[in-house]
Amino acid sequence: MRLLPLAVSIAKNRTGAVPRPSWCTYLVSYRCNARCGMCDSWRLKPGPELTLPEVRTVFGKIGRLDVVRLTGGEPFLRADLGDIAETVMERSQPSVLHITSNGSRPDLIAAFARSFSRPKRLRFLISLDGLATEHDESRGEDATFDTALETVRRLTEVRRERGIDVAVNHTVISAQSVADHAELRARVEALGVDVQSVLAYADSSMYGLKLRGKKAEHLIVPQGYPLHPKLRSANVVGFVEDELARVSKIRSRATRIGKRYYLKGLLSRLNNDRDPAPKPRCVALRSHIRLLPDGRVPVCQFNTETVGSLLTSSFEEVWGSGGPAEDSRRWVDACPGCWAECEVMPSAIYTGDIARLPFDGTSAPLSSSKALTSAPTMSERLVK
């Protein structure tokens, strides 16, 4: 971990200045073979995608990064994903290369994991929506529960051989999904794999068909949490309280820190606290950069208006002062803040706010240096 650049980024984020990005979320494709009801990615017209030479150009402009997350859509629908990953590693040298997948292509995913040149930097997060009946009803016949679980099993074999990391994300989408969680966790943990959970949002500007390219300001609220409609009858507060109680069982200490931070903030919002906490300053368009499949740069998960294209413009033209990014940063600064984990964790780390919470629920908060040193490992646990 590059502590000096991290300290500089934290100082700039706290004062409203603009650091170079350290964390990149790259949607390699909108294409998806799942048919999730809570995500319209599969309904979106895919459009152009960066070619391998263009990926090389774009990440050359961005430069050094701490974390790169490759996601979609389903990233393994890109036949050249292995080459993309190696190119990103070469150009930006991230400490963590994180891939979120629905696990629908076990042979391809295992082959990728076995061939990647820097396996100890590779993190997989396989998404499940519940046990077989609920998951398959949600995702469809091309992205089944049994296939995803087989992918997890194969990745554990590669983990023994090459030292990759693998975890499962349970996207909690309904009351039945809540009910499935305990058995799902037991089945996955029997493979020696941690299970984490997130509560599905009502919608998303990144993946919502009607909100694509727009601000989804109705989903960014100063109090509360905009739950997916199928969760309104579920005891989500009790579920999150149970998850918090189990955080200490997560194998990775750094992941425990990150997950406890997220769950505490989630519980605060579900309880409709007037001043929800934690509440880090958002680092969208500062330490966190998102890339759409064609190389354009959107603001964030809930505002997919773009500030330019790193394919056709220089980094300074897209990121620098005086342009569209500056106007969009004013919007970010005025935003009351979301609680989507994929936005929360970079903000928690690159403002240093994650050091404010006790790391085990009882002891004193981490020192800034210890929390910051843990940042790359915490960042491996992202969600779509």
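Residues numbered from 1 in each chain as written. Predicted model: local features only at pLDDT ≥ 70, side-chain atom pairs only at ≥ 80, totals over all residues. Heavy atoms only, no water.

Asks: Before we go on, may I ask you to explain the pattern of salt bridges in this structure?
Replies: As a working rule, side chains carrying opposite charge can pair if their charged atoms are close by. This structure, assessed with the given rule, holds 24 salt bridges. Of the charged contacts, one joins Arg 78 and Asp 80 as a salt bridge, the two residues approaching to 2.9 Å between their closest N and O atoms. Arg 78 sits in the buried class, given a relative accessible area of 5%. The residue Asp 194 makes a salt bridge to Arg 251 at a minimum N-O spacing of 2.6 Å. Remark: Arg 251 occurs in the loop between α8 (236-246) and α9 (253-270) and Asp 194 occurs in the loop between α7 (175-189) and β6 (195-199); sequence separation between them is 57 residues. Sharing partners across several salt bridges, the network here consists of Asp 107, Arg 114, Glu 150, Arg 153, Arg 154, Glu 157 and Glu 161. (Salt bridge = Lys/Arg side-chain N within 4 Å of Asp/Glu carboxyl O. Buried < 20%, exposed > 50% of the residue type's maximum accessible area, 1.4 Å probe, protein only. Helix = DSSP H or I, 4+ residues; strand = E, 2+ residues; numbered from the N terminus.)

Asks: Can you help me understand the packing of aromatic side chains in this one?
Replies: Remark: the centre distance and the inter-plane angle together describe each pair of aromatic rings, the angle taken between the planes. By the definition in use, this model includes 11 aromatic pairs. Both rings, one in Tyr 262 and one in Trp 339, keep their centres 6.5 Å apart while their planes meet at 5°; by these two values the pair is stacked. With a gap of 77 residues between them, Tyr 262 in helix α9 and Trp 339 in the loop between α11 (324-334) and α12 (341-350) connect regions that are remote in the sequence. Across the pair, Trp 339 and Tyr 262 agree in class, each one buried. Site record: aromatic cluster; members linked through ring pairs are Phe 76, Phe 112, Phe 116 and Phe 124. In this structure, Arg 212 packs its charged tip against the face of Tyr 30, placed 4.4 Å from the ring centre. The residue whose ring lies beneath Arg 329 is Trp 319, and the NZ or CZ to ring-centre distance is 5.1 Å. (Phe/Tyr/Trp six-rings, centres within 6.5 Å; stacked < 30°, edge-to-face > 60°. Lys NZ or Arg CZ within 6 Å of the ring centre and 35° of its normal.)

Asks: Any chance you could explain the nonpolar core here in plain terms?
Replies: Nonpolar side chains in soluble globular proteins tend to end up buried together. In this structure, Tyr 26, Phe 59, Phe 124 and Leu 199 are the most contacted members of the largest nonpolar core, which totals 101 residues. In terms of residues, this core owes the most to one element, α9, which gives 7 residues. Once you skip the residues sitting within four places of it in the chain, Phe 124 turns out to touch Phe 76, Ile 99, Ile 109, Phe 112, Ala 113, Leu 155, Ile 164, Asp 165, Val 166 and Ala 167. Counting 11 residues, the second-largest nonpolar core is a separate cluster that includes Tyr 30, Ala 34, Cys 36 and Met 206. (Core = buried A, V, L, I, M, F, W, Y, C linked by side-chain atoms within 4.5 Å. Contact = heavy atoms within 4.5 Å.)

Asks: I keep staring at the confidence of the model for the protein and nothing clicks. Help me out?
Replies: It should be kept in mind that the predicted coordinates are not to be read in detail where pLDDT is low. Taken residue by residue, the protein gives an average pLDDT of 92. The fraction at 70 or more is 93%. Below pLDDT 50 for its whole length, residues 366-384 participates in 73 contacts with residues either more than four positions away or in separate chains. (pLDDT = per-residue confidence, 0-100.)

Asks: What is the right way to read the environment of Glu 134 from this model?
Replies: With respect to the element layout, Glu 134 can be found in helix α5 (residues 132-139). C-alpha of Glu 134 to C-alpha of Phe 145: the two residues are 11 residues apart in sequence and 8.9 Å apart in space. Every residue in contact with Glu 134, bar those within four places of it in the chain, is listed here: Asp 129, Ile 173, Ser 174, Gln 176, Ser 177 and Asp 180.

Asks: Would you take a moment to explain the environment of Leu 227 for this structure?
Replies: One can find Leu 227 in the loop between β6 and α8. Spatially, the C-alpha atoms of Leu 227 and Asp 203 are 8.6 Å apart, while their sequence positions differ by 24 residues.

Asks: How should I be thinking about helix α2 (residues 52-62) in this particular structure?
Replies: An α-helical turn contains 3.6 residues, so a residue and the one three or four places further along point in the same direction. Within α2, burial applies to Val 55, Val 58, Phe 59 and Ile 62. Down the axis of α2, the smallest arc covering the buried residues is 90°, so these residues share one side. Here the buried face of α2 lies against β1 (23-27), β2 (67-71), α3 (81-92), β7 (288-291) and α10 (315-319). At the C-terminal side of α2, Gly 63 shows a positive phi close to 85°. (Arc of directions from axis to C-beta.)

Asks: In this structure, what is going on with the sheet that holds strand β4 (residues 122-128)? I would like to understand it.
Replies: The strands that make up a sheet pair up through hydrogen bonds in the backbone, lying either parallel or antiparallel. One open sheet holds the 7 strands; their spatial order is β6-β5-β4-β3-β2-β1-β7, and the pairing between them is parallel. With one partner strand each, in any of the chains shown, β6 and β7 form the two edges of the open sheet. For this sheet, the mean angle separating the axes of adjacent strands, direction not counted, is 20°. Note that β1 and β2 share 5 bridges and pair parallel. Paired with Cys 24 across the strands is Val 68, a residue of β2. (Pairing = 2+ DSSP bridges. Axes fitted to C-alpha atoms, helices over the stretch in contact; angles between N-to-C directions.)

Asks: For this particular structure, what's the right way to read the pairing of β4?
Replies: Counting buried positions along β4 yields 7 of 7 residues, so the element is predominantly enclosed. On β4, burial covers both faces: Leu 122, Phe 124, Ile 126 and Leu 128 on one face and Arg 123, Leu 125 and Ser 127 on the other are all buried. Bridge analysis of strand β3 (residues 96-101) against β4 gives 5 bridges, and the strand direction is parallel. The residue of β4 that forms the bridge with Ile 99 is Phe 124.

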